[in-house]
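Single-letter residue listing:
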Amino acid sequence: MTKSPSAESYRATLVPALHEIQDTHGYLTPAALREYSQRVGVPLYRLQAVASFFPHFRLSPPKKVTVRVCRDMACHLAGSGGMLDALRSLEEGGQVAVEGASCLGRCDRAPSTSVAVVGEHGEHYYHGRSGDDLRGIVMGALQSSLPPSDSDASHAGPYGVSRIDAYDGGAREYLAVRKVLAARDASLAAAEEILRTQKNWDFERVRQFRLGALRQRRTDSPLAPEVAEAVREW
Ligand code: FES
């Protein structure tokens, strides 16, 4: 009798196995899922649960090119909704699917997009591109000349470092929130300056103060009394 895999081995083998099926057939065909289910003893409903959870698994035959535009918060604020609408016209020829997607993990370079081409392993990712850029990328993909994914190697970002700012919109967007955050940061910087210069606090105690003030401490251990007092005063 086939022994059922443990929960641990599900984690280790299921997703790679589904990737392999998708790479072989272009999508997760019912026959291939049934065959895998019987061969390894994983119930079919479990395969379907995993397959439907991850957006990059396809349960029906794909178009030649599938474009996914992230619709989650950072990308939404960076205009992904309008980009998605503008790209929909690419579907007219019947070879391209344009879909919304959940966070692609590159919120710092929003809006993020993935492009998958039938017959190619994996997906390509493009970040912070314009609608026209993506249109050109898709046209290239249709001619089998897809540019390489955007890498981080040459990307310094507008501030020279990676930075996530969900409120970095136009001048009138989230104005109140941005003013509150700016006031808080200025007040915090002034308090830190006092602790450093007038109380001679070292780097670590000032850091603890900042974490305590922003409630970003990752442990439940209490703040040192003088740090807690400084947070209270601030
Ligand atoms: S919100 Fe779009 S990549 Fe995270």
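Here goes a summary of the coordinates provided. In every chain, residue numbers begin from 1 and rise along the written sequence. Local features in a predicted model are, by the rule used here, given only for residues with pLDDT of at least 70; side-chain atom pairs are given and counted only at 80 or more, and totals for whole chains, interfaces and linings are based on all residues. Note that water and hydrogens are dropped before the side-chain values are worked out from all heavy atoms of the structure.

Here's the deal with the nonpolar core
So, point 1. Membership of the largest hydrophobic core comes to 17 residues, with the highest contact counts inside it found for Val65, Val67, Leu87, Val96, Val115 and Leu146.
So, point 2. In DSSP terms, a helix is any run of H or I states spanning at least four residues, a strand is any run of E spanning at least two, and both are numbered starting from the N terminus. When residues of this core are traced back to their parent elements, those giving at least two are strand S1 (65-70), helix H5 (80-87), strand S2 (96-101), strand S3 (112-117) and helix H6 (131-142).
So, point 3. Here this core gets 4 residues from one element, more than from any other, and that element is H6.
So, point 4. Not counting residues up to four positions away in its chain, the partners in contact with Val96 are Lys63, Val65, Val67, Leu90, Glu91, Val138 and Leu142.
So, point 5. Judged by nonpolar contacts, the second largest core, of 13 residues, contains Leu18, Leu33, Ala51 and Phe57. Definition used in this section: a nonpolar core is a set of buried Ala, Val, Leu, Ile, Met, Phe, Trp, Tyr and Cys residues joined via side-chain atoms within 4.5 Å. Note on classification: 1.4 Å probe, protein chains only; a residue is buried when its accessible area is under 20% of the maximum for its type, exposed when over 50%, partly exposed between these limits. Residues are treated as being in contact if the distance between any of their heavy atoms lies within 4.5 Å.

A look at the packing of aromatic side chains
So, point 1. Centre distance within 6.5 Å is the pairing criterion for rings of Phe, Tyr and Trp, where only the six-membered ring of Trp is used; planes under 30 degrees apart are then read as stacked, over 60 as edge-to-face, and the remainder as tilted. In the structure shown here, the tally under the stated rule is 3 aromatic pairs.
So, point 2. Arranged with centres 5.0 Å apart and planes meeting at 85 degrees, the rings of Phe53 and Phe54 form a pair that is edge-to-face.
So, point 3. Take Phe53: its relative accessible area is 64%, and that puts it in the exposed class.
So, point 4. For Phe54, a relative accessible area of 27% gives the class partly exposed.
So, point 5. Arranged with centres 6.4 Å apart and planes meeting at 85 degrees, the rings of Phe209 and Trp234 form a pair that is edge-to-face. Placement of Phe209 in helix H8 (residues 203-213) and of Trp234 in the segment after helix H9 (225-233) is noted, with a sequence separation of 25 residues between them.
So, point 6. Here Trp234 falls in the partly exposed class, since its relative accessible area comes to 35%.
So, point 7. Members of the aromatic cluster, connected to one another through ring pairs, are Phe53, Phe54 and Phe57.

Considering H6
So, point 1. A helix is expected to reach a length of 1.5 Å times the quantity of its residues less one. The terminal C-alpha atoms of H6 lie 17 Å apart, and with 12 residues this matches the ideal 16 Å at 1.5 Å per residue to within 8%.
So, point 2. Burial in H6 covers these residues: Leu134, Ile137, Val138, Gly140 and Ala141. For H6, the angular spread of the buried residues around the axis is 160 degrees, confining them to a single face.
So, point 3. Looking at the buried positions of H6, the neighbouring elements they touch are S1, H5, S2, S3 and strand S4 (124-127).
So, point 4. The positive-phi residue at the C-terminal boundary of H6 is Ser144, with phi of around 60 degrees. The arc in question is the one traced by the directions running from the helix axis out to the C-beta atoms.

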